Amino acid sequence: MQPAATARSWSSPPAATEASPYAMPSPVQPAASKGTKETVKNALSRWGRKVGEATRKAEDLSRNTWQHLRTAPSIGEAAVGRIAQGTKVLAEGGRERIFRQAFSAPPDEQLRKSYACYLSTAAGPVMGVLYLSTARVAFCSDSPLSYEAGGGDRTEWSYYKVAIPLHRLRAASASASKLKPAEKFIQLVSVDKHEFWFMGFVNYDSAVAHLQEALSGFRNLQA
């Protein structure tokens, strides 16, 4: 027998013997109905907040990625360079392995975080990756940079690297351009007052939070 085309309504729940011995109507008490409505309302509210938070994160990521590409002298070259770096990470077995090879990290030093960014230099911004480990903050350029050697007689190539042990790190400060708020920076200062400026982070807020947390945690251990 085919089911009825339209649903029937009834003034009171049918007895089990009227339709099917397996039917078990369960009347809803007014208080339970109200509680269910509140539960649904709260669940929708939480879901809405999560969607809003995810949307904001996606917008921040989009803005930061665009700013990251704009920081380079050529947007096209920056995009190609970032793709090349991603391919290198896959080919060499992950960022931790690259970090260990680049900085000869000992076995007991663990990589915590890594961030695509630029290091500000006198010659312009250098694209690379900022690494935060249990022992240091380090930066390595994505590609080798050329420099004059032998009194200018020849050109040689080398990766641009910076490494500051956490016990030599004095401050990690966040700032932004007053004229262009989208341009955000992180300044690292060593105990002997050497300054390094990083910019164009894809995950800026995370980088600030973890750098400051690492610095604060290391100071607490020393205390």
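Okay, so let's go over this structure. Bear in mind that the values here come from a model prediction, so they are computed numbers and not experimental data.

### What to know about the nonpolar core
Thought 1: Counting residues in hydrophobic clusters, the biggest one holds 23 residues, and the most contacted among them are Leu-188 and Phe-201.
Thought 2: Elements with a minimum of two residues in this core: β1 (111-121), β2 (124-133), β3 (136-141), β6 (161-165), β7 (169-176), β8 (184-190) and α4 (204-222).
Thought 3: The element contributing the most residues to this core is α4, with six residues.
Thought 4: Counting 10 residues, the second-largest nonpolar core is a separate cluster that includes Phe-99, Phe-103, Ala-105 and Cys-140.

### A short note on the pattern of salt bridges
Thought 1: For the structure on display, the rule yields four salt bridges.
Thought 2: Notably, a salt bridge pairs Glu-109 with Arg-136, separated by 2.8 Å at the nearest N-O pair. Placement of the pair is Glu-109 in the loop between α3 (95-103) and β1 and Arg-136 in strand β3, with a sequence separation of 27 residues.
Thought 3: According to the relative accessible area criterion, Glu-109 is buried, its value standing at 3%.

### Here's the deal with the environment of Ser-206
Thought 1: With respect to the secondary-structure elements, Ser-206 resides in helix α4.
Thought 2: Separated by 93 residues in sequence, Ser-206 and Lys-113 place their C-alpha atoms 9.3 Å apart.
Thought 3: A polar contact of 2.9 Å, which involves the side chain of Ser-206, links it to the side chain of Tyr-115.

### Section: α3
The α-helix winds at 3.6 residues per turn, so residues separated by three or four positions along the chain end up facing the same way.
Thought 1: When α3 is considered as a whole, its buried residues turn out to be Ile-98, Phe-99, Ala-102 and Phe-103. Along the axis of α3, the buried positions cluster into a sector of 105 degrees, meaning they face one direction only.

### Examining the sheet that holds β3
Thought 1: Reading across from one edge, β6-β3-β2-β1-β9-β8-β7 is the order of the seven strands in this open sheet, with antiparallel pairing throughout. One side of each edge strand has no neighbouring strand; the edge strands of this open sheet are β6 and β7. Averaged over neighbouring strand pairs, the angle between their axes works out to 30 degrees when direction is ignored.
Thought 2: Bridging between β8 and strand β9 (residues 195-199) involves five bridges; their strand directions are antiparallel. Residue pairing in the sheet places Val-189 in a bridge with Glu-195 of β9.

Analysis parameters
- Residues numbered from 1 in each chain as written.
- Predicted model: local features only at pLDDT ≥ 70, side-chain atom pairs only at ≥ 80, totals over all residues.
- Heavy atoms only, no water.
- Core = buried A, V, L, I, M, F, W, Y, C linked by side-chain atoms within 4.5 Å.
- Buried < 20%, exposed > 50% of the residue type's maximum accessible area, 1.4 Å probe, protein only.
- Helix = DSSP H or I, 4+ residues; strand = E, 2+ residues; numbered from the N terminus.
- Salt bridge = Lys/Arg side-chain N within 4 Å of Asp/Glu carboxyl O.
- Polar contact = N/O pair within 3.5 Å; in protein donor to acceptor, adjacent residues only side chain to side chain.
- Arc of directions from axis to C-beta.
- Pairing = 2+ DSSP bridges.
- Axes fitted to C-alpha atoms, helices over the stretch in contact; angles between N-to-C directions.

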